[in-house]
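Analysis of the macromolecular model
Take a look at the letters that make up each chain.
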Amino acid sequence: MKEILKDLNKAFENKTRLGIMSALVVNERLDFNSLKELLGVTDGNLASHLKSLEKLSYVSVRKEFLDRKPNTSYEATSEGTRAFKRHLSAIEKLLE
């Protein structure tokens, strides 16, 4: 049991962070507004959780201009994808 529990990652205990990583792992890249709409969270809530995941190097951010409008998009890093899959695997093992 201890072996399974060590693979649970505190970064993904929050449902917003779990949702962010779920969305980013199955999509190559999503912009801020798409994530906000998909998860049904406020700007501030989403921004703070994205910043936490970015500090852990689990997501990367790209800022650019599209048709003269700023656009911020995010993608899961390879490190973030590995950590997230380990976390999901540990949950699956707990449910067996």
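Quick summary incoming for the structure in this document. Everything numeric here is computed off the predicted structure, so don't read it as measured data. (Residues numbered from 1 in each chain as written. Predicted model: local features only at pLDDT ≥ 70, side-chain atom pairs only at ≥ 80, totals over all residues. Heavy atoms only, no water.)

1. Notes on unusual backbone geometry
Quick reminder of the rule: The numbering of helices and of strands both runs from the N terminus, where a helix is a DSSP run of H or I of at least 4 residues and a strand a run of E of at least 2. To sort residues, take the accessible area from a 1.4 Å probe on protein chains only and compare it with the maximum for the residue type: under 20% means buried, over 50% means exposed, and anything in between is partly exposed.
Its identity as a non-glycine residue notwithstanding, S57 has a phi of 65°, on the positive side. By the element assignment, S57 lies in the loop between α4 (43–55) and β2 (59–66). The backbone of R68 sits at a positive phi, close to 65°, despite the residue not being glycine. You can call R68 exposed: its relative accessible area is 82%.

2. Details of helix α3 (residues 32–39)
Put simply, the test is: As used in this structure description, the phrase polar contact means that two N or O atoms lie within 3.5 Å; if the pair is within protein, one of them must be able to donate a hydrogen and the other to accept it, and residues adjacent in sequence are counted only when both atoms belong to side chains.
Where α3 starts, the residue carrying a side-chain oxygen 3.3 Å from the main-chain nitrogen of N33 turns out to be D31. G40 sits one or two residues past α3 and shows a positive phi near 65°.

3. Topic: the packing of helix α2 (residues 15–26) against α3
Definition in use: Here an axis means a line fitted to C-alpha atoms, over the contact stretch when the element is a helix, while the angle between two N-to-C directions is reported on a 0 to 180 degree scale. Under this scheme an angle from 65 to 115 degrees is roughly perpendicular, one under 35 degrees roughly parallel, and one over 145 degrees roughly antiparallel; angles in between are oblique. Left-handed is the label given to a crossing in which the near helix is rotated counterclockwise from the far helix by less than a right angle, and right-handed is the label when the rotation is clockwise. In what follows, a contact means two residues having at least one pair of non-hydrogen atoms within 4.5 Å. Put simply, Ala, Val, Leu, Ile, Met, Phe, Trp, Tyr, Cys and Pro go in the nonpolar bin, Asp, Glu, Lys and Arg in the charged bin, and everything else, Gly too, in the polar bin.
It is the contact of α2 with α3, at a shortest axis distance of 11 Å, that shows an interaxial angle of 120°. The angle between the axes of α2 and α3 places the two elements in the oblique class. For the crossing formed where α2 meets α3, the hand is right-handed. Across the interface between the two elements, T16, G19, I20, A23 and L24 of α2 pack against L35, L38 and L39 of α3. Within the contact of α2 with α3, the residues separate by chemical class into six nonpolar, two polar and no charged.

4. Some points on the nonpolar core
Heads up, the rule is: Side-chain atoms within 4.5 Å are what join buried Ala, Val, Leu, Ile, Met, Phe, Trp, Tyr and Cys residues into a set we call a nonpolar core.
Core analysis: the largest hydrophobic core is formed by 19 residues, its most contacted members being F12, M21, L24 and L35. When contributions to this core are tallied by element, the ones reaching two or more residues are α2, α3, α4, β3 (69–76) and α5 (78–95). Excluding residues within four positions of it along the chain, F12 makes contact with L18, M21, L53, Y58, G80, A83, F84 and H87.

5. Things to note about a nonpolar patch on the surface
The cut-off we apply is this: Residues with no salt bridge and a relative accessible area higher than 30% make up the patches, which join like charges within 9 Å and nonpolar side chains (Val, Leu, Ile, Met, Phe, Trp, Tyr) within 5 Å. Surface accessibility follows the Shrake-Rupley procedure with a 1.4 Å probe radius. Residue values consider only the protein chains on display as shielding. A side-chain nitrogen of Lys or Arg and a carboxyl oxygen of Asp or Glu constitute a salt bridge if their distance falls within 4 Å.
There is a patch of nonpolar side chains on the surface, built from L18, L88, I91 and L95 and spanning about 330 Å² of accessible area. With three residues, α5 is the single largest residue contributor to the nonpolar patch. One can find L95 in helix α5.

6. Examining α4
As a reminder of what qualifies: One less than the residue count of a helix, multiplied by 1.5 Å, gives the span that helix is expected to have. Throughout, the arc means the angular range of directions from the helix axis out to the C-beta atoms.
Its 13 residues place the ends of α4 18 Å apart at the C-alpha level, agreeing with the 18 Å of an ideal helix rising 1.5 Å per residue. Here α4 has its buried residues at L46, H49, L50 and L53. All buried residues of α4 project into a common sector of 100° when viewed along the axis, lining one side. Looking at the buried positions of α4, the neighbouring elements they touch are α2, α3, β2 and β3. Trailing α4 by a residue or two, S57 shows a phi angle of about 65°, which is positive.

7. Concerning the pattern of salt bridges
Throughout the structure, instances matching the rule amount to five salt bridges. As a salt-bridge pair, E13 and K10 come within 3.6 Å of each other at their nearest N and O atoms. For K51, the salt bridge goes to E54, with nearest N and O atoms at 3.9 Å. Here K51 and its partner E54 are both found in helix α4, three residues apart, which amounts to about one turn of the helix. K51 sits in the partly exposed class, given a relative accessible area of 44%.

Spatial relationships are all this shows, so hold off on functional conclusions.
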